[in-house]
Amino acid sequence: MAAVTAPQQHRSSKTESYVDNKRKEDIRHANIVAARAVANAVRTSLGPKGMDKMISTSSDEVIITNDGATILNKMQVLQPAAKMLVELSKSQDSAAGDGTTTVVVIAGALLEQCLILLSHGIHPTVISDSLHKASLKALDVLSAMAVPVELSDKDSLVKSASTSLNSKVVSQYSTLLAPLAVDSVLSVVDPATPDMVDLRDIKIVKKLGGTVDDTELVRGLVFDKKVSHAAGGPTRMENAKIAVIQFQISPPKTDIEQSIVVSDYSQMDRILKEERSYILGMIKKIKATGCNVLLIQKSILRDAVTDLSLHYLAKAKILVIKDVERDDIEFITKTLNCLPIANIEHFRAEKLGHADLVEEVSLGDGKIVKITGIKDMGKTTTVLVRGSNQLVLDEADRSLHDALCVVRCLVAKRFLIAGGGAPEIELSRQLGAWAKVLHGMEGYCVRAFAEALEVIPYTLAENAGLNPIAIVTELRNRHAQGEINAGINVRKGQITNILEENVVQPLLVSTSAITLATECVRMILKIDDIVTVR
């Protein structure tokens, strides 16, 4: 029998050759499973009733948060495809600022559907192209659902910022933080570029002590440091003329390492006298311009100020704030509308900034310096965030950043859309109907895309302790009857018109989440081998 079958095997090998596709399938499968594991890790933190994660870093730092980008950023992911989901949440964070958990959960659900399609023998390229088509169609559907909003309509802006804050640890303070975020963004919008907001113009200063309720918006500057009054200098200055200096008020040093040997006392006195007259000469030049407040940049080469120079500055009634970070100089000069001074020879009155009041204020167990009433103030603002402990303070800072990003999204693209899973269910319904019109494999793939989007309302219901199957079925039913804004109200545990409940988010958050998630999934699908180079 063996003798008979051998020639047949030999004959068939001439006409067709066997290709080992098993390895490609295995790698694709491994990539998808790894990426889904990352998505499942953050899935429980989605929505206002989502759980928080406690992250313990290698340096024994503890972080409590439910911000998707922060959780993934701190996770040490080793698998290359899973790392792509970490990068995905970073992309969403920079593009929209909110929806970082949503985008990862959608990507995980799409990958799950892709695994089913691949097991049915559909080619990855066909799936990839169909997903791209479906995402473009989804953007059209979302745009049709969106409601235009004006920047003058402050209520709508506050509602969208509140929706972002409601899913955070500090959600109980959303009534304070949401209007504060809206005010700070609107105050830095430049009329010359009305569609652009640079969040670097909003400085967040964190100060331990008090509660989040004590957080305030300061029209001016805040320094988280004390005034240098070692020699009894002033701690409060009205009608301040402020100079930002980048040179040191201390005896000069040579650029090379050297030591001077002084053998004579008269020479020693001469050195000290020279030092005194050098410092005094600098301070006289500073005082001659009318300057009475000095902001001194931190120096790494030598002391920015010495005890002697502080003594003379105190006598000249000049208020000194030292160790100003180099990174803050640009923000300070923009706010004060002044120029940084790099050399004593360039010290001119026209380079100074003017303010009504500079004062040292006691806060909690520390002190801060406030500069208010700045004349010709630049388009900047400062937010002083308070918190009872470091964990709350850091989370308040992250939550406020998300709220600022949401308002920035609305400035860039002035459309609002309902939240609470309403857009995802509507997308799922419309794409499902569109899939029936398409021919061949495309229809299958688009239907899978539509089913994947149901993961958002399903997860929202699951995290709120509701029956997800009953809720999603009822939601489908409501949308089929034409209620496009019907969504899950997790507070009441039922389905209501989400727009009327003021649960809204910027259109940019949803469109960016769909686009980025699809892009990431398509990229993972196209990978059929991992080559490690050592």
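Residues numbered from 1 in each chain as written. Predicted model: local features only at pLDDT ≥ 70, side-chain atom pairs only at ≥ 80, totals over all residues. Heavy atoms only, no water.

A. Structural detail: the overall build of the protein. Helices and strands together make up the secondary structure of the protein, namely 17 helices and 17 strands. By the compact-globule yardstick of 24 Å for 534 residues, the protein is too spread out, its C-alpha radius of gyration being 31 Å. With the C-alpha coordinates aligned to their principal axes, the bounding extent of the protein is approximately 115 × 65 × 40 Å. Within the protein, the fraction of its 534 residues that count as buried is 49%. For the protein, the accessible surface area stands at approximately 26,400 Å², while carbon and sulfur atoms represent 52% of it. (Helix = DSSP H or I, 4+ residues; strand = E, 2+ residues; numbered from the N terminus. Rg over C-alpha atoms; globule rule 2.2 N^0.38 Å. Buried < 20%, exposed > 50% of the residue type's maximum accessible area, 1.4 Å probe, protein only. Areas by Shrake-Rupley, 256 points an atom, 1.4 Å probe, with all protein chains shown as cover.)

B. Inspection of the pairing of strand E16 (residues 494–497) at higher detail. Sheet topology note: the strand E15 (residues 486–489)/E16 ladder contains four bridges and is antiparallel. Residue pairing in the sheet places Asn-489 in a bridge with Gln-494 of E16. The hairpin turn running from E15 into E16, its antiparallel successor, is four residues long, and Gly-493 in that turn takes a positive phi close to 70°. (Pairing = 2+ DSSP bridges.)

C. Helix H2 (residues 22–43), seen in detail. With 22 residues, H2 should reach 32 Å at 1.5 Å per residue; the first-to-last C-alpha distance of 31 Å fits that figure. Within H2, burial applies to Ile-27, Arg-28, Asn-31, Ile-32, Ala-34, Ala-35, Val-38, Ala-39 and Val-42. Relative to the axis of H2, the buried residues are bounded by an arc of 160° and lie together on one face. Contact partners of the buried residues in H2: helix H3 (68–74), helix H4 (80–95), helix H5 (100–119), helix H6 (124–145) and helix H17 (507–526). (Expected span 1.5 Å × (residues − 1). Arc of directions from axis to C-beta. Contact = heavy atoms within 4.5 Å.)

D. Quick peek at the nonpolar core. Counting 69 residues, the largest nonpolar core has Leu-85, Ile-127, Leu-131, Phe-449, Ile-514 and Ile-524 as the members making the most contacts within it. If one sorts the elements of this core by residue count, H5 sits on top with eleven residues. What Ile-127 contacts, discounting residues up to four positions off in sequence, is Cys-114, Leu-117, Leu-118, Ile-122, Cys-445 and Leu-525. In terms of nonpolar packing, the next biggest core, distinct from the first, is built from 33 residues, Val-170, Ala-178, Val-185 and Leu-410 among them. (Core = buried A, V, L, I, M, F, W, Y, C linked by side-chain atoms within 4.5 Å.)

E. Main features of the sheet that holds strand E14 (residues 415–418). Taken in spatial order, the three strands line up as E3-E14-E17 in an open sheet, and their pairing is antiparallel. At either margin of the open sheet sits one strand with a lone partner, and together these are strand E3 (147–148) and strand E17 (504–506). The sheet contact formed by E14 and E17 spans three bridges and is antiparallel. By the bridge assignment for E17, Ala-418 is matched with Val-504. Strands in contact with H17 are E14 and E17; relative to E17, the strand with the most contacts, it is inclined by about 65°. (Axes fitted to C-alpha atoms, helices over the stretch in contact; angles between N-to-C directions.)

F. Up close: the pattern of salt bridges. Taken as a whole and assessed by the stated rule, the structure comprises 25 salt bridges. Between Glu-454 and Arg-476 there is a salt bridge, with its nearest N and O atoms 2.5 Å apart. Here Arg-476 lies in helix H16 (residues 468–480) and Glu-454 lies in the loop between helix H14 (440–453) and helix H15 (455–463), a separation of 22 residues in the sequence. Classification of Glu-454 by relative accessible area gives buried; the value is 14%. When its relative accessible area of 42% is taken as the criterion, Arg-476 is described as partly exposed. Note that Glu-501 is salt-bridged to Lys-492, the shortest N-O span being 3.2 Å. Salt bridges sharing partners connect three or more residues here, namely Lys-206, Asp-394 and Asp-397. (Salt bridge = Lys/Arg side-chain N within 4 Å of Asp/Glu carboxyl O.)

G. View of the packing of H2 against H5. H5 packs onto H2 with a crossing angle of 145° between their chain directions and a minimal axis gap of 8 Å. The way H2 lies across H5 gives a crossing that is left-handed. Note on element contacts: H5 touches H2 through Thr-101, Val-104, Val-105, Gly-108, Leu-111, Glu-112, Leu-115 and Leu-118, opposite Arg-28, His-29, Ile-32, Ala-35, Arg-36, Ala-39, Val-42 and Arg-43. Residues of the contact of H2 with H5, tallied by class, amount to nine nonpolar, three polar and four charged. (Left-handed = near helix turned anticlockwise from the far one by under 90°. Nonpolar A, V, L, I, M, F, W, Y, C, P; charged D, E, K, R; others polar.)

H. Quick look at the sheet that holds strand E13 (residues 381–387). Taken in spatial order, the three strands make up an open sheet running E4-E13-E5, and their pairing is mixed. Lying at the two open borders of the sheet, with one neighbouring strand each, are strand E4 (202–208) and strand E5 (216–218). Here the average twist between neighbouring strands, direction ignored, is 25°. Of the strands in this sheet, E4 and E13 touch helix H12 (residues 390–412), which is tilted by about 165° from E4.

I. The packing of helix H8 (residues 174–188) against H12, seen in detail. At a closest axis distance of 9 Å, the pairing of H8 and H12 adopts a crossing angle of 50°. In terms of orientation, H8 lies oblique with respect to H12. Crossing of H8 over H12 shows right-handed handedness. Of the residues in H12, those touching H8 at Leu-177, Leu-180, Ala-181, Val-182, Ser-184 and Val-185 are Leu-400, Ala-403, Leu-404, Val-407, Arg-408 and Val-411. The class makeup of the residues in the contact of H8 with H12 is ten nonpolar, one polar and one charged. (Parallel < 35°, antiparallel > 145°, perpendicular 65-115°, else oblique.)

Worth remembering: the numbers are spatial, not functional.
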